[in-house]
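The lines below spell out each chain.
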Amino acid sequence: MPPQTTSLSLVTVLRQRRDRLAELHPGPVVLWSGQAVSRNFPANTYPFRANSHFLYFAGLPLANAALHLEGGRLTLFTDDTSPEAALWHGPSPSREAIAADIGADAAYPYQDLDSYLAKAATLSTQTAGSECSKALVEALVTLRLHHDDYALDQIKRAAAVSVAAHTAGMAATPGATTEAQVRAAMEQVIMGQNMACAYNSIVTVHGEVLHNEQYHHNLAPGDLLLADVGAEAPSGWASDITRTWPVSGRFTSAQRDIYNLVLAAHDACIAAARPGVEYRNLHLLACRVLAAGLVDLGVLKGDPDALVERDVHALFFPHGVGHLLGLDVHDMEDLGDMAGYAPGRSRSDRFGLKFLRLDRPLAANMVVTIEPGFYQVPGILGPARQSGQYDDAINWDRLKTFDGVRGIRIESDVHINSAGCTVLTAALPTHAEAVEALVSGA
Ligand code: GLY
Ligand code: MN
Ligand code: MN
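Residues numbered from 1 in each chain as written. Chains lettered and ligands numbered in written order. Predicted model: local features only at pLDDT ≥ 70, side-chain atom pairs only at ≥ 80, totals over all residues. Heavy atoms only, no water.

A.B. asks: What is the right way to look at the coordination of the manganese ion (ligand 3) in this model?
C.D. replies: Metal coordination angles have textbook ideals: 109.5 degrees for a tetrahedral set of four donors and 90 or 180 degrees for an octahedral set of six. Within the protein, the manganese ion (ligand 3) binds to Asp-228 (OD), Asp-228 (OD), Asp-240 (OD) and Glu-411 (OE); these donor distances fall in the range 2.0 to 2.3 Å. Each of the six donor atoms around the manganese ion (ligand 3) contributes to a set of angles spanning 58 to 170°, which defines the coordination as irregular. Between the donor residues of the manganese ion (ligand 3), the gaps in sequence give the motif D-x11-D-x170-E. Here the manganese ion (ligand 3) and the manganese ion (ligand 2) are spaced 3.2 Å apart, with Asp-240 acting as a shared donor. Of this pair, Asp-228 sits in strand β9 (residues 224-229) while Glu-411 sits in the loop between β14 (407-409) and β15 (412-417), and the two are 183 residues apart along the sequence. Exposure class is identical for Asp-228 and Glu-411. Each is buried. (Donors = N, O, S within 2.8 Å, 3.2 Å for Na, K, Ca; no water. Tetrahedral: all angles 85-135°; square planar, octahedral: opposite > 155°, others 65-115°. Helix = DSSP H or I, 4+ residues; strand = E, 2+ residues; numbered from the N terminus. Buried < 20%, exposed > 50% of the residue type's maximum accessible area, 1.4 Å probe, protein only.)

Now the structure itself:
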């Protein structure tokens, strides 16, 4: 059960959400929670995670359940625990108790859903055709793009636990010899707070592998360790933090130069984030800061704007500067780009823009990540060098100075508000010296 938070009760929050849905989408809506997926045989399942659209209106992580929503009215379909299930899994709240907790107007056994829908369809001209589905998707996106106070409170709780996990990971590094040990130190904090990881953790000395989910490497004193680890509250609301720190507790001069450059891009985006600003322009701002900094360091040659125009920066920063954050770590990406891209917009095929997950103007109560990075990906830089195509723009000899920097990312969770923005993960330091102090225990 999620903790009760803020001055609003869960019942009130859920009622407001479905009243808003009714305004945006008057027709009937059915949302399913999903069920635990078997790993190898039915009784041995992966941890269950309810569908996020269901969670948004149900508030509780129920399995094998469905909601029927129409005109603000909520009908819950879920089963009481059978005596046999109770024997193995223990008692759980009755259907009536769950219905009361979420303010359902009616509640029936799960098996009644089909007959209920058959009857409802004869009463309603709205059925679930493709037109209806598109309208529903648009309504869900409109609702879930802007977080209510309850959601923000839950994201803040998840963010606070992620901050503690990263702090623990930094502190554990001097006594660790492997990536796995640092990962364990971080995830222990999340588990110890009765939360789950919002996504598969990345804790690696090979940060250039963008979604590296392997933990078998040893830690060497000259390595940078990139940790992208985020907690998810029991209610499903997520957080998403990346920090990169030196295993030795001290950045080399070359590592510090690049770290400070990524931090400058991160800070510039946060300083510019406020309602009305196009997220795409934040991405391009990060690109320009990185390109200008790489020119200053002698790695790139030429005018920074022209380098960005040519996507030269993207050889080192191939992903977008961030994404929506909510019930999903990449919020609503189950809907493709319908949430991330404003109506009428679609992904660019430019190398420097095609991985941009969010292309909308920012608005109050959106939560987004800001996560610029610098990576030396052999699969990108090798062919780029081989082709000779960038010899006028990249000083390959100078780049060798930075061989010890395989991957750096700095990622914060940012709440857009009327004053501009608030960094929900600000309690975790970003400055190189403060990060060093956390690692070395100074
Ligand atoms: N943790 C996944 C991401 O940062 O997008
Ligand atoms: Mn992220
Ligand atoms: Mn992340």
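A.B. asks: Would you take a moment to explain the packing of aromatic side chains for this structure?
C.D. replies: For any two aromatic rings, the description comes down to two numbers: the centre-to-centre distance and the angle of the planes. Within this structure, the stated rule accounts for seven aromatic pairs. Consider the rings of Tyr-56 and Phe-57, whose centres lie 5.1 Å apart with planes at 85°: the pair is edge-to-face. Taken as a pair, Tyr-56 and Phe-57 share a single burial class, namely buried. Their ring planes at 35° and their centres at 5.8 Å tell us that Phe-77 and Tyr-108 sit as a pair that is tilted. Taken together, the positions of Phe-77 in strand β5 (residues 73-77) and Tyr-108 in strand β6 (residues 106-108) put the pair 31 residues apart, joining distant regions of the chain. Each residue in the set Tyr-56, Phe-57 and Trp-237 is aromatic and connected to the rest through ring pairs, giving one cluster. Over the aromatic face of Tyr-56 sits the side chain of Arg-17, whose NZ or CZ is 4.4 Å from the ring centroid. The ring of Tyr-215 has Arg-183 lying over it, and the distance from NZ or CZ to the ring centre is 3.9 Å. (Phe/Tyr/Trp six-rings, centres within 6.5 Å; stacked < 30°, edge-to-face > 60°. Lys NZ or Arg CZ within 6 Å of the ring centre and 35° of its normal.)

A.B. asks: What should I look at first to understand the environment of Leu-325 in this one?
C.D. replies: Within the secondary structure, Leu-325 sits in the loop between α11 (304-309) and β12 (367-370). Residue classification places Leu-325 among the buried residues on the basis of a relative accessible area of 1%. C-alpha separation for the pair Leu-325 and Val-368, spaced 43 residues apart in sequence, amounts to 5.3 Å. Among residues more than four places away in sequence, those in contact with Leu-325 are His-147, Ile-155, Ala-238, Ser-239, Asp-240, Asp-331, Val-367, Val-368, Thr-369 and Asp-413. (Contact = heavy atoms within 4.5 Å.)

A.B. asks: Please clarify how unusual backbone geometry should be interpreted in this entry.
C.D. replies: The bulk of non-glycine residues show a negative phi, and the bulk of peptide bonds are trans. At Asn-64, a position not held by glycine, the phi torsion is positive, near 55°. Tracing the backbone through its elements, the reader meets Asn-64 in the loop between α2 (52-58) and β4 (66-70). The phi dihedral of Asn-365 is positive, around 75°, even though this residue is not glycine.

A.B. asks: Teacher, can you tell me more about the site of ligand 1 here?
C.D. replies: Taken together, Tyr-199, Asp-228, Asp-240, His-323, His-330, Glu-371 and Glu-411 make up all the residues around ligand 1. Within the side chain of His-323, a nitrogen or oxygen atom sits 3.2 Å from an oxygen atom of ligand 1. Here the residues of the shell around ligand 1 are counted per class, giving one nonpolar, two polar and four charged. (Near = heavy atom within 4 Å. Polar contact = N/O pair within 3.5 Å; in protein donor to acceptor, adjacent residues only side chain to side chain. Nonpolar A, V, L, I, M, F, W, Y, C, P; charged D, E, K, R; others polar.)

A.B. asks: Could you clarify how one ought to interpret the sheet that holds β4 in this entry?
C.D. replies: Within a beta sheet, neighbouring strands are joined by backbone hydrogen bonds and run either parallel or antiparallel to one another. In spatial order, the strands read β1-β4-β5-β6; together these four strands make up an open sheet with mixed pairing. Single-partner strands in this sheet number two, and they are β1 (29-32) and β6. Across the sheet, the axes of successive neighbouring strands diverge by a mean angle of 20°, strand direction being ignored. In this structure, β1 lies alongside β4, joined through four bridges in antiparallel fashion. Its bridge partner being in β4, Val-30 is matched across the sheet by His-68. (Pairing = 2+ DSSP bridges. Axes fitted to C-alpha atoms, helices over the stretch in contact; angles between N-to-C directions.)

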